[in-house]
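# Observations on the model geometry
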Amino acid sequence: MRDVTGGRQGPAPIRVHNATKVFSPGTPNEKTALSKVDFALEDGEFAVVIGSNGAGKSTLLNALAGEVLLDSGGILIDGRDIGSQPVYRRAKLISRVFQDPMVGTAPDLSIEENLAVAVRRGRRKTFRLGLNRRNREYFRERISVLGLGLENRLSEKVRSLSGGQRQSLALIMAALLTPRLMLLDEHTSALDPRAAELVLKLTSEVVTGDKITTLMVTHNMQHALRFGTRLFMMHEGGIVLDAPAEEKAGLTVNDLVGRFLVTDDKMLLG
Ligand SMILES: Nc1ncnc2c1ncn2[C@@H]1O[C@H](COP(=O)(O)OP(=O)(O)O)[C@@H](O)[C@H]1O
Ligand SMILES: [Mg+2]
């Protein structure tokens, strides 16, 4: 028998509690980017986050990663509040892939050197690349999952890869140490449609295969419906829709557009 908690007892693996963030408070530019955001994720849950520009999606991911410190509320991993931990300490538990394929990988290092760097995620500098035969075997095995033939190009510089290949490599790097949480912020939106499709499929395979709890931001509603096991819609810093797998499966793009309109109406009506 398998329940949604996987038989877990105790605190949720990931819990965001009453998270609030106001940028430039007390100035004309004051902006509430997060307003009392509250949710928990179970192990292996693959939550997709949609919402209009400025809804607070990136701020939420940045708050989890430690790039943004909350004004109030907490972030708990396995019951421990990590809200005051710096980015490098959280990096042991949390990995990320960004929108820009140029950001997540080092172009002048080879594929295997990039993977070796990823193995050191969350550790302090001491930059010694662990490239021995055992590691190489392991990297070859991990990268072959992509089905792109990159396992035969381990010593090639990453700058020779396409955007889609780089994002695929970044994904494998982010998944390498089986993080407690993986954050994907529009990681396919800089790619052409075919490459985006490929990277999304690979994302789904990696997340499911390694049971990595994941938050993925996308502005593509069809992708949001096709991928993931849960759907959040954000608006004005809050979560206005939280659809679990069964509900999500019944949603259409029209439903989502309708939701966007309803939230806008609410806004207009004050
Ligand atoms: N570092 C920052 N300083 C000031 N305002 C910010 C900062 N980061 C985000 N914002 C503002 O907070 C709001 C939410 O932004 P963001 O989380 O990036 O939205 P999304 O990713 O959903 O498009 C926006 O109005 C944005 O301008
Ligand atoms: Mg964003």
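Residues numbered from 1 in each chain as written. Chains lettered and ligands numbered in written order. Predicted model: local features only at pLDDT ≥ 70, side-chain atom pairs only at ≥ 80, totals over all residues. Heavy atoms only, no water.

## Things to note about the packing of helix 3 (residues 111-119) against helix 5 (residues 163-175)
The interhelical angle for the contact between helix 3 and helix 5, taken along N-to-C directions, is 30 degrees, at an axis separation of 9 Å. Classified by the interaxial angle, the pair formed by helix 3 and helix 5 is roughly parallel. Note that helix 3 runs across helix 5; the crossing there is right-handed. Taking contact as the criterion, the partners of Ile111, Asn114, Leu115 and Ala118 in helix 3 are, on helix 5, Leu169, Ile172 and Met173. For the contact of helix 3 with helix 5, the class distribution of residues is six nonpolar, one polar and no charged. (Axes fitted to C-alpha atoms, helices over the stretch in contact; angles between N-to-C directions. Helix = DSSP H or I, 4+ residues; strand = E, 2+ residues; numbered from the N terminus. Parallel < 35°, antiparallel > 145°, perpendicular 65-115°, else oblique. Left-handed = near helix turned anticlockwise from the far one by under 90°. Contact = heavy atoms within 4.5 Å. Nonpolar A, V, L, I, M, F, W, Y, C, P; charged D, E, K, R; others polar.)

## Focus on the pattern of salt bridges
Overall, the coordinates contain 13 salt bridges when judged by the stated rule. Here Asp38 and Arg15 are joined by a salt bridge, their closest N and O atoms 3.1 Å apart. Residue Asp38 is located in strand 2 (residues 31-41), and its partner Arg15 is located in strand 1 (residues 14-23); the two are separated by 23 residues in the primary sequence. The exposure class assigned to Asp38 is partly exposed, which follows from its relative accessible area of 39%. Residue Arg15 is classed as partly exposed on the basis of its relative accessible area of 31%. (Salt bridge = Lys/Arg side-chain N within 4 Å of Asp/Glu carboxyl O. Buried < 20%, exposed > 50% of the residue type's maximum accessible area, 1.4 Å probe, protein only.)

## A closer look at the site of ligand 1
Around ligand 1, the neighbouring residues are Phe23, Lys31, Ala33, Ser52, Asn53, Gly54, Ala55, Gly56, Lys57, Ser58 and Thr59. For ligand 1, an oxygen atom lies 2.8 Å from a polar atom in the backbone of Gly54. The separation between an oxygen atom of ligand 1 and a polar main-chain atom of Ser58 is 2.9 Å. Only strand 2 and helix 1 (57-65) provide two or more residues apiece to the shell around ligand 1. The dominant element in the shell around ligand 1, judged by the number of residues it contributes, is helix 1, at three residues. Considered class by class, the residues forming the shell around ligand 1 number three nonpolar, six polar and two charged. (Near = heavy atom within 4 Å. Polar contact = N/O pair within 3.5 Å; in protein donor to acceptor, adjacent residues only side chain to side chain.)

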